Amino acid sequence: MTFVFYLAALIAVISTVMVITRLNAVHALLYLIVSLLAVAVVFFVIGAPFAAALEVIVYAGAILVLFVFVIMMLNLGPASTAQENVWYTPRAWAGPAVLSVILALEVFYVLAVSAGERIREEVVSPKEVGYSLYTDYLLAVELAAMLLLAGIVGAYHLGRFRRLIRHRFLEQNVEL
Amino acid sequence: MGNVPMEHGLILASILFLLGMVGLLSRRNIVFLLMSVEIMLNAAGLAFIVAGSRWVQPEGQVMFIFILAMAAAEVSVGLALIIQLHRKFKTLDADTADNLRG
């Protein structure tokens, strides 16, 4: 089973590297979906099947599908890929990459010298997660619901299509 | 499930987070910026799940659910803003909208 963990981790890292280096937005999104599926496999292996199912259904299956729809709607075409070729030079990512490598070495050192904990073999079932959500963290669930309401209203308001009509004496926004 | 060291899980989470951060710092296209933020959020969720599995407590998955809800709200508002930006400026450059009107 540890082999499954390491293989899924390798796939996640490789596909994430492909996400941040692609020039075409749709290709990058597809690699991101692969990365999320690999992370879902990791969740399943370490004993969190509910989180694995949520990752596939909500993250890869709703949020990224929304992304793909919006990208298709924008209808970018090969001009966008050519533009990315101009913007995304090695000079752009050399600096952040060097700093990130230093940070990564720091994190690896801190984790290497700490005590060797092991992820246990037991599964945390959806029943325990649901019970904990609705008794201990009920207030946070209600706050998350309010956040989602704010997201809905904000997305509706920001996504409206209004055309500016100029009359002789006044400008007004007409709903299309 | 095996005996995977917790450190390896956290190392995976930190690698993914740093990859997302490099993507966020080096891109100009807004869509790629939003994608990199999603990578970072997923990596943080992975760290929470690893911690929850180490103690065999449901709090890790609970926190992951909240991160998921927050990411969903953020992505919907962010994509609506991207659509408006594309309508107004006909480009996806993050540097175009740099002046307040007036």
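Per chain, residue numbering runs from 1 following the sequence as it is written. To read the labels, note that chains go from A and ligands from 1, taken in the order they are written. The predicted origin of the model limits local features to residues at a pLDDT of at least 70 and limits the giving and counting of side-chain atom pairs to 80 or more, whereas totals for whole chains, interfaces and linings rest on all residues. Remark: hydrogens and water are excluded; side-chain values derive from all non-hydrogen atoms of the structure.

A closer look at the overall build of chain A
- Strands here mean DSSP runs of E at least two residues long; helices mean DSSP runs of H or I at least four residues long; both are numbered from the N terminus. Of the regular secondary structure elements, chain A holds seven helices and two strands.
- For chain A, the α and β elements follow one another from N to C terminus as α-α-α-α-α-α-α-β-β.
- In this treatment the radius of gyration is a C-alpha quantity, and the globule benchmark scales as 2.2 Å times the residue count to the 0.38 power. For 176 residues, the compact-globule estimate of 2.2 N^0.38 gives 16 Å, and the C-alpha radius of gyration of chain A, at 22 Å, exceeds that figure by more than 25%.
- Three labels apply to residues, based on accessible area from a 1.4 Å probe with only protein chains included: buried if under 20% of the type maximum, exposed if over 50%, partly exposed otherwise in between. Going through the 176 residues of chain A one by one, you find that 30% of them count as buried.
- Considering only residue pairs separated by 6 or more positions, chain A has 48% of its internal contacts joining residues 24 or more positions apart.
- We get accessible surface area from the Shrake-Rupley algorithm with a probe of 1.4 Å; when it comes to residues, only the shown protein chains can shield them. For chain A, the exposed area adds up to about 10800 Å²; of that, 70% sits on carbon and sulfur atoms. Any two residues whose heavy atoms approach within 4.5 Å at even a single point are treated as in contact.

Here's the deal with the environment of Ala9(A)
- Looking at where Ala9(A) falls in the secondary structure, it is placed in helix 1 (residues 2–21).
- Sequence separation between Ala9(A) and Val39(A) is 30 residues; the distance between their C-alpha atoms is 7.1 Å.

A closer look at a nonpolar patch on the surface
All names here are of chain A.
- The grouping of Met1, Phe3, Val4, Leu7, Leu10, Ile11, Ile14, Val34 and Val41 at the surface amounts to a nonpolar patch, some 800 Å² of accessible area in total.
- Looking at the nonpolar patch, the elements with two or more residues in it are helix 1 and helix 2 (25–45).
- Note that Ile11 resides in helix 1.
- Exposure remark for Ile11: the relative accessible area of 39% places this residue in the partly exposed category. Residues qualify for a patch when their relative accessible area is over 30% and they have no salt bridge, like charges being joined within 9 Å and the nonpolar side chains of Val, Leu, Ile, Met, Phe, Trp and Tyr within 5 Å. Put simply, a salt bridge is a Lys or Arg side-chain nitrogen that is within 4 Å of an Asp or Glu carboxyl oxygen.

Digging into the side chain of Ser53(B)
- Note that Ser53(B) resides in helix 2 (residues 30–55).
- When residues no more than four places from it in sequence are discounted, the contact partners of Ser53(B) are Ile46(A), Gly47(A), Ile119(A) and Arg120(A).

With respect to the nonpolar core
- Residues belong to one nonpolar core when they are buried, are Ala, Val, Leu, Ile, Met, Phe, Trp, Tyr or Cys, and are joined through side-chain atoms within 4.5 Å. If you look at the biggest cluster of nonpolar residues, it comprises 66 residues, and the most contacted ones within it are Phe43(A), Phe67(A), Val31(B), Met35(B) and Leu46(B).
- Within the residue set of this core, elements represented by two or more residues are helix 1, helix 2, helix 3 (49–74), helix 6 (126–135) and helix 7 (138–158) of chain A together with helix 1 (6–26), helix 2 and helix 3 (59–89) of chain B.
- Leaving out residues up to four positions away in the same chain, Met35(B) has contacts with Val19(A), Ala25(A), Ala28(A), Leu29(A), Leu32(A) and Phe67(A).

Quick word on the interface of chain B and chain A
- Listed as interface residues are 68 residues of chain B and, on the opposing side, 84 residues of chain A.
- The quantity reported as buried area is the accessible area (1.4 Å probe) lost by two parts once they are put together, taken as the sum for both. Summed over both partners, the interface of chain B with chain A comes to about 7100 Å²; 75% of that surface belongs to carbon and sulfur atoms.
- Our count for the contact surface shared by chain B and chain A stands at zero salt bridges.
- Here a polar contact is recorded for every N or O atom pair within 3.5 Å, except that within protein the pair must consist of a potential hydrogen donor and a potential acceptor, and residues adjacent in sequence are included only if both atoms are side-chain atoms. Joining chain B to chain A, the criterion identifies eleven residue pairs in polar contact (both at pLDDT 80 or more).
- For the side of chain B that touches chain A, the elements supplying multiple residues, two or more each, are helix 1, helix 2 and helix 3 of chain B.
- Of all the elements, helix 3 of chain B adds the most residues to the side of chain B that touches chain A, at 23 residues.

Some thoughts on the side chain of Ser35(A)
Residue and element names in this part refer to chain A.
- The topology assignment puts Ser35 in helix 2.
- A residue is classified by how much of its surface remains accessible, and Ser35, at 4% relative accessible area, is buried.
- Excluding anything up to four places from it in sequence, Ser35 contacts Ala12, Ser15 and Thr16.

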